[in-house]
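Listed below, chain by chain, are the residues.
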Amino acid sequence: MRWRTVATKGFRLKEQHKEYAVEKNTVIAGGMGELGLGIEGILRRAARSLIEQAIEAEVAVLLEEFATVRMVDGRQAVVRNGHLPEREILTALGPVPVKVPKVRDRSGSGIKFNSVLAPPYVRKSRTVAATVPWLYLHGVSSGHMQEALSILLGDEAKGLSPAVLGRLKAEWAQEYAHWQHRSLQGKRYAYWWVDGIYTNLRAEEDPRICLLVIIGVTAEGKKELVSVSDGLRESKASWLEILRDLQARGLETAPLLAIGDGAMGFWAALDEAYPETGQQRCWVHKTANILNELPKAQQSKAKAALQEIWMAANRQAAEKALDVFVRNYQAKYPKAVAKLEKDRAELLAFYDFPAEHWRHIRTTNAIESTFATVRHRTTRTKNCVSRSSFLGLGFKMLQQAEKRWIGIYAPEKVLQLFAGVKFIDGLPANLTLPDDQQTAA
């Protein structure tokens, strides 16, 4: 029989402060006979070999940990004891057969081996688990879920039936309920992005459901999901209920700055719950609202004029550009100018924070990019959904997105903010340049 070697990147498994190397080259049996497998079959076979090596490394960690534990007669207490029955785990490559080793505890202490890569009873990988809510929120109904997954994963994706999806939705609802009651004691956030996202999903009592979402920046500069709830976007009462709940769970310190659209009840609730928090209006929303009051022929020029404001190097230059916009459009388009002037201070609040953070805090893109997909989840859903199911789905979608979030630039500046350092035009107060030098820069 011929053998050929498929080179794969070596990796190391860390467990309990020990490292075990997995072989760099994986040997796969077969030669010309493998041509009948197709590329998917070959990849699945390679995946199986890698998984088995990684699990063997996990077993080695456990056996070494208890290597010194001996029976009265000197025999080792924890030893290998064959394998569990083979089972298939559904992955993005399709089903991969896996055999997980067993260990025997002769001392009767109850020591067992549970693989982190292939936990007991798990039948699908995390990638597939993330695919299910993604498909559902993109408009694939539970009745068409198996068909969609069969296209993605092959005909072997038979375990994900509508009944399984129903159980998954119940699990997501439970996960959300547990997460929503977590303690926030000692938590502190530099920034909050806030928005209310409407969907076409219908609840039993409300004709249209709105997700009210807060994403924060931690002391380490990382983005983190703070709150997910439902309610009315324009309602102060809905937002105040969320903020009071955060306070009740230990979030006593107010965020330094909140960023959001001006047309929300959130701001009135924020003034009552966290009055010391600064307010920054989203320039993307504000620009769209202003341009809606202008004829199309004027919109391109007006958009460039608005960009001159929020891209200015310092507050003085921004104020000057704003005054120019007012002078040029006041007479003919007073409604457009009124929308700009009413939030004048809130639109320029970002100048009191580090310049490295301006790209993050001038808009609500942190939320908008995450929820672009949620807005499309409606056309296939004809029936009502329960409140718990909807919140569980929204939470699961966010939870998967959170894993891909990238932290803000210059995270060390957050600690300066928490230490009380004042920023003027993006620079620490003691490093602020004269206005003419900043303008030149």
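This is a predicted model, so every value here is computed, not measured. (Residues numbered from 1 in each chain as written. Predicted model: local features only at pLDDT ≥ 70, side-chain atom pairs only at ≥ 80, totals over all residues. Heavy atoms only, no water.)

Enquirer: Help me understand the overall build of the protein chain in this model?
Expert: When its secondary structure is counted, the protein chain shows 16 helices and 15 strands. For the protein chain, buried positions account for 46% of its 441 residues. Of all intrachain contacts in the protein chain linking residues separated by at least 6 positions in sequence, the fraction that spans at least 24 positions is 65%. Summed over all atoms, the accessible surface of the protein chain reaches about 23400 Å², with 53% contributed by carbon and sulfur. (Helix = DSSP H or I, 4+ residues; strand = E, 2+ residues; numbered from the N terminus. Buried < 20%, exposed > 50% of the residue type's maximum accessible area, 1.4 Å probe, protein only. Contact = heavy atoms within 4.5 Å. Areas by Shrake-Rupley, 256 points an atom, 1.4 Å probe, with all protein chains shown as cover.)

Enquirer: Got a minute to help me understand the packing of helix α5 (residues 236-248) against helix α6 (residues 266-273) in this structure?
Expert: Packed helix pairs are specified by the crossing angle of their axes together with the interaxial distance, meaning the distance between the axes. At a closest axis distance of 8 Å, the pairing of α5 and α6 adopts a crossing angle of 35°. With respect to the hand of their crossing, α5 and α6 are arranged in right-handed fashion. Contacts between α5 and α6 involve K236, W239, L240, L243, R244 and Q247 on the former and, on the latter, F266, A268, A269, L270, E272 and A273. (Axes fitted to C-alpha atoms, helices over the stretch in contact; angles between N-to-C directions. Left-handed = near helix turned anticlockwise from the far one by under 90°.)

Enquirer: Explain the nonpolar core to me, please; I cannot follow it from the model alone.
Expert: Nonpolar side chains in soluble globular proteins tend to be buried together. Counting residues in each nonpolar core, the largest one holds 54 residues, and the members touching the most others are Y191, V213, L225, I309, F325 and L340. With 6 residues, the single largest contributor to this core is helix α9 (residues 315-329). Beyond its immediate stretch of four places on either side in the chain, I309 contacts W283, A318, A321, L322, F325, L340, L348 and Y351. Among the nonpolar cores identified, the runner-up in size contains 23 residues, and C210, A258, F266 and Y274 belong to it. (Core = buried A, V, L, I, M, F, W, Y, C linked by side-chain atoms within 4.5 Å.)

Enquirer: Sorry, what's going on with the side chain of E224 here?
Expert: With respect to the helices and strands, the residue E224 is situated in strand β11 (residues 223-230). A distance of 2.6 Å separates polar atoms of two side chains, one belonging to E224 and the other to Y189. Beyond its immediate chain neighbours, meaning those up to four positions away, E224 contacts K187, Y189, I214, I215, G216, T218, E402 and W405. (Polar contact = N/O pair within 3.5 Å; in protein donor to acceptor, adjacent residues only side chain to side chain.)

Enquirer: Would you mind showing me how to read the confidence of the model for the protein chain here?
Expert: In regions of low pLDDT, the predicted coordinates are not meant to be interpreted in detail. Looking at the protein chain as a whole, its pLDDT mean stands at 78, while 68% of the residues score no less than 70. Low confidence marks residues 1-35, where pLDDT is under 50. Its contacts with residues over four positions away, or in another chain, come to 62 contacts. Segment residues 376-383: pLDDT under 50, and 17 contacts once partners within four positions in sequence are set aside and those in other chains are kept. (pLDDT = per-residue confidence, 0-100.)

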